[in-house]
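So the chains spell out like this:
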Amino acid sequence: MKIAIVLHSQSGHTAQFAGIIASKFTENGHEADTRLLRTSGHVSPGKKNFELRDAPEIDQYDAALFGGPVWAFTASPVIMKYLSGLKNFKGKKAACFVTMGSPFLWMGGNQAVKAMNNKLESCGAEVLMGEIVPYHFKANKAKMTEAANRFYQAITR
Ligand SMILES: Cc1cc2nc3c(=O)[nH]c(=O)nc-3n(C[C@H](O)[C@H](O)[C@H](O)COP(=O)(O)O)c2cc1C
């Protein structure tokens, strides 16, 4: 299978999570292309007037995963802008993954997944369970690996 992993990551936590997910697929003989979103200019929570430098096309992929940090109790505006521009992923499996600073998922993690899932549903995707991993002062590699395994099972089923 060909999997797209599109993400925003400012300080590298979500990028680390994406790397663990990608490895799970590639180690098992699948193709996983990871694309880090970049913006023109600085983006802060709630900001809307910025541009994505590029918005990867994912039509040719069998499934896609979308990641980003929790910012101000919801998903980062960067991954939300990308998902807002995604018009069609009809019938294909998709899921989102987020990292957050707080260990409490109600401090934005649940809200971020909900907001991202709403966008995926509007594209007609078959939305799989999202994954939230707190990055509370240090990476929780065990949780990232468990989440990657769940994505792998759900997508290759
Ligand atoms: C502007 C900003 C706002 C944030 N808001 C929250 C928040 O509301 N809740 C939370 O748990 N963490 C919050 N964080 C922490 C990040 O979600 C956390 O450090 C995340 O792992 C960063 O991911 P990244 O390294 O991929 O950018 C915030 C961080 C930044 C920079």
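Definitions and limits used
Residues numbered from 1 in each chain as written. Predicted model: local features only at pLDDT ≥ 70, side-chain atom pairs only at ≥ 80, totals over all residues. Heavy atoms only, no water. Axes fitted to C-alpha atoms, helices over the stretch in contact; angles between N-to-C directions. Helix = DSSP H or I, 4+ residues; strand = E, 2+ residues; numbered from the N terminus. Parallel < 35°, antiparallel > 145°, perpendicular 65-115°, else oblique. Left-handed = near helix turned anticlockwise from the far one by under 90°. Contact = heavy atoms within 4.5 Å. Nonpolar A, V, L, I, M, F, W, Y, C, P; charged D, E, K, R; others polar. Phe/Tyr/Trp six-rings, centres within 6.5 Å; stacked < 30°, edge-to-face > 60°. Buried < 20%, exposed > 50% of the residue type's maximum accessible area, 1.4 Å probe, protein only. Lys NZ or Arg CZ within 6 Å of the ring centre and 35° of its normal. Disulfide = S-S within 2.5 Å.

Draft legend 1. Molecular detail of the packing of helix α1 (residues 13–27) against helix α4 (residues 141–156). Two numbers describe how α1 lies on α4: the axes approach to 9 Å, and their chain directions differ by 45 degrees. With respect to their mutual orientation, α1 and α4 come out oblique. For the pair α1 and α4, the sense of crossing is right-handed. Seen from α1, the contacting residues are H13, Q16, F17, I20, I21, K24 and F25; seen from α4, they are K141, M144, T145, A147, A148, N149, F151, Y152, I155 and T156. Residue composition of the contact of α1 with α4, grouped by class: 10 nonpolar, five polar and two charged.

Draft legend 2. Fine view of the packing of aromatic side chains. Taken as a whole, this structure holds five aromatic pairs when the rule is applied. Aromatic side chains F66 and Y82 sit 6.1 Å apart centroid to centroid with 35 degrees between the ring planes, which places their arrangement in the tilted category. You can see F66 sitting in strand β5 (residues 63–71) and its partner Y82 sitting in helix α2 (residues 77–85), a full 16 residues away along the chain. Arranged with centres 6.4 Å apart and planes meeting at 65 degrees, the rings of F97 and F151 form a pair that is edge-to-face. Here the residue F97 occupies a position in strand β7 (residues 93–100), and F151 occupies one in helix α4, the gap between them amounting to 54 residues. Judged by its relative accessible area of 0%, F97 falls in the buried class. Between K2 and the ring centre of Y61, over which it is positioned, the NZ or CZ distance is 5.0 Å. Lying over the aromatic face of Y152, K24 brings its terminal NZ or CZ to 5.2 Å of the ring centre.

Draft legend 3. Seen up close, the state of the cysteines. Taken as a whole and judged by the stated rule, the model has zero disulfides. Cysteine C96 is unpaired, with the sulfur of C123 as its nearest cysteine sulfur at 12 Å.

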